[in-house]
Amino acid sequence: MNNSGILTISGSGKIIAERSHDVVAAPIQYTIVNNGTLTIQDTVTVKNSVIYSDYYSVVNSRDANLIINGGEIIGAIGIENYDGTVNISGGRIFGYTRTIQNYYGTLTITGGYVDTKATSGSGIENNSGTEIIGSLSNEVNNTSPVIIGNSYGYVSNSAASNLYFYNGIIKGKSSSINLYGGRIYYRSGYGLTNGTETIE
């Protein structure tokens, strides 16, 4: 499915890229490619049934806008943002290799649940992008949004990557945050607190 206009997907339906039973046919790599403005809300499910390698549920292209207020997104990679803008305020996003992959774009998460279902993989992988978790206008909390990775909750792969962490919690089995480059910013007068727990 390709969107090049303004589209809202709502209700309780499902959009699924199924793997063909024909062994000759290649599986569909993308469930939705957004080149315009796309809003996903209510209890809609967007899924790519291939849960390995580079198979995506939603790809947000350069200069496109993706708004997620609810629903469920499932794929090997739940969302890839390539130099676009993504705003997530609700819903549940699952990935089997990594859940959200951000290249150069802007990703803002003020609510919702991001989780990696595989035995390894990151909740968010940032490659030269800007990521904002929480909002300065909200009171400080460690309950929402929730970012979970089976290896790392958040990974920065570039010196040009920036994370603004204002609210919520980031969890990972190896480490919550892994910086190969980039910077983390948080509220004035606050710092980051580490803890341990068992992640199922």
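Summarised in this report is the structure supplied together with it. (Residues numbered from 1 in each chain as written. Predicted model: local features only at pLDDT ≥ 70, side-chain atom pairs only at ≥ 80, totals over all residues. Heavy atoms only, no water.)

## Concerning a nonpolar patch on the surface
Right, on to step 1. Together, Val-140, Tyr-186, Tyr-190 and Leu-192 make up a nonpolar patch on the protein surface, roughly 380 Å² of accessible area in all.
Right, on to step 2. Position of Val-140 among the secondary structure elements: in the loop between strand S15 (130-133) and strand S16 (146-149).
Right, on to step 3. On the basis of relative accessibility, which here comes to 42%, the residue Val-140 falls in the partly exposed class. (Patch = residues over 30% accessible without salt bridge, like charges linked within 9 Å, V, L, I, M, F, W, Y side chains within 5 Å. Areas by Shrake-Rupley, 256 points an atom, 1.4 Å probe, with all protein chains shown as cover. Salt bridge = Lys/Arg side-chain N within 4 Å of Asp/Glu carboxyl O. Helix = DSSP H or I, 4+ residues; strand = E, 2+ residues; numbered from the N terminus. Buried < 20%, exposed > 50% of the residue type's maximum accessible area, 1.4 Å probe, protein only.)

## Topic: the pattern of salt bridges
Right, on to step 1. Applying the stated rule across the entire model yields 2 salt bridges.
Right, on to step 2. Between Arg-62 and Asp-83 there is a salt bridge whose closest N-O contact spans 3.2 Å. Here the residue Arg-62 occupies a position in the loop between strand S7 (56-60) and strand S8 (65-68), and Asp-83 occupies one in the loop between strand S9 (72-82) and strand S10 (85-88), the gap between them amounting to 21 residues.
Right, on to step 3. For the salt bridge of Glu-125 with Arg-98, the shortest nitrogen-to-oxygen distance reads 3.9 Å.

## Remarks on the side chain of Asn-3
Right, on to step 1. Here Asn-3 is to be found in strand S1 (residues 2-3).
Right, on to step 2. Polar contacts involving the side chain of Asn-3 include one to the main-chain amide nitrogen of Gly-5, which spans 3.2 Å.
Right, on to step 3. A distance of 2.8 Å separates polar atoms of two side chains, one belonging to Asn-3 and the other to Asn-34. (Polar contact = N/O pair within 3.5 Å; in protein donor to acceptor, adjacent residues only side chain to side chain.)

## Regarding unusual backbone geometry
Note on backbone geometry: most residues besides glycine have negative phi, and most peptide bonds are trans.
Right, on to step 1. Cis rather than trans, the peptide bond between Ser-144 and Pro-145 has omega equal to 0 degrees.
Right, on to step 2. Looking at where Pro-145 falls in the secondary structure, it is placed in the loop between S15 and S16.
Right, on to step 3. The backbone phi angle of Asp-42 is positive, close to 60 degrees, even though this residue is not glycine.
Right, on to step 4. As for its placement among the helices and strands, Asp-42 is situated in the loop between strand S5 (37-40) and strand S6 (45-48).
Right, on to step 5. With a phi angle near 65 degrees, Ser-128 is a residue other than glycine that sits in the positive phi range.
Right, on to step 6. Counting through the fold element by element, Ser-128 comes out in the loop between strand S14 (122-127) and S15.
Right, on to step 7. For Ser-128, a relative accessible area of 22% corresponds to the partly exposed category.

## Here's the deal with the packing of aromatic side chains
Right, on to step 1. Considering all chains together, one arrives at 6 aromatic pairs under this definition.
Right, on to step 2. Each ring, one from Tyr-30 and one from Tyr-56, has its centre 5.4 Å from the other, and the planes form 20 degrees; the classification is stacked. Placement of Tyr-30 in strand S4 (residues 30-34) and of Tyr-56 in strand S7 is noted, with a sequence separation of 26 residues between them.
Right, on to step 3. With a relative accessible area of 35%, Tyr-30 lands in the partly exposed category.
Right, on to step 4. With a centroid separation of 6.4 Å and an interplanar angle of 50 degrees, the aromatic rings of Tyr-164 and Tyr-166 are classed as tilted.
Right, on to step 5. Residue classification places Tyr-164 among the partly exposed positions, given a relative accessible area of 25%.
Right, on to step 6. Taken together, the aromatic side chains of Tyr-82, Tyr-103 and Tyr-104 make up a single cluster linked through ring pairs.
Right, on to step 7. Over the ring of Tyr-113 we find Arg-92; its NZ or CZ atom is 4.4 Å from the centre of that ring. (Phe/Tyr/Trp six-rings, centres within 6.5 Å; stacked < 30°, edge-to-face > 60°. Lys NZ or Arg CZ within 6 Å of the ring centre and 35° of its normal.)

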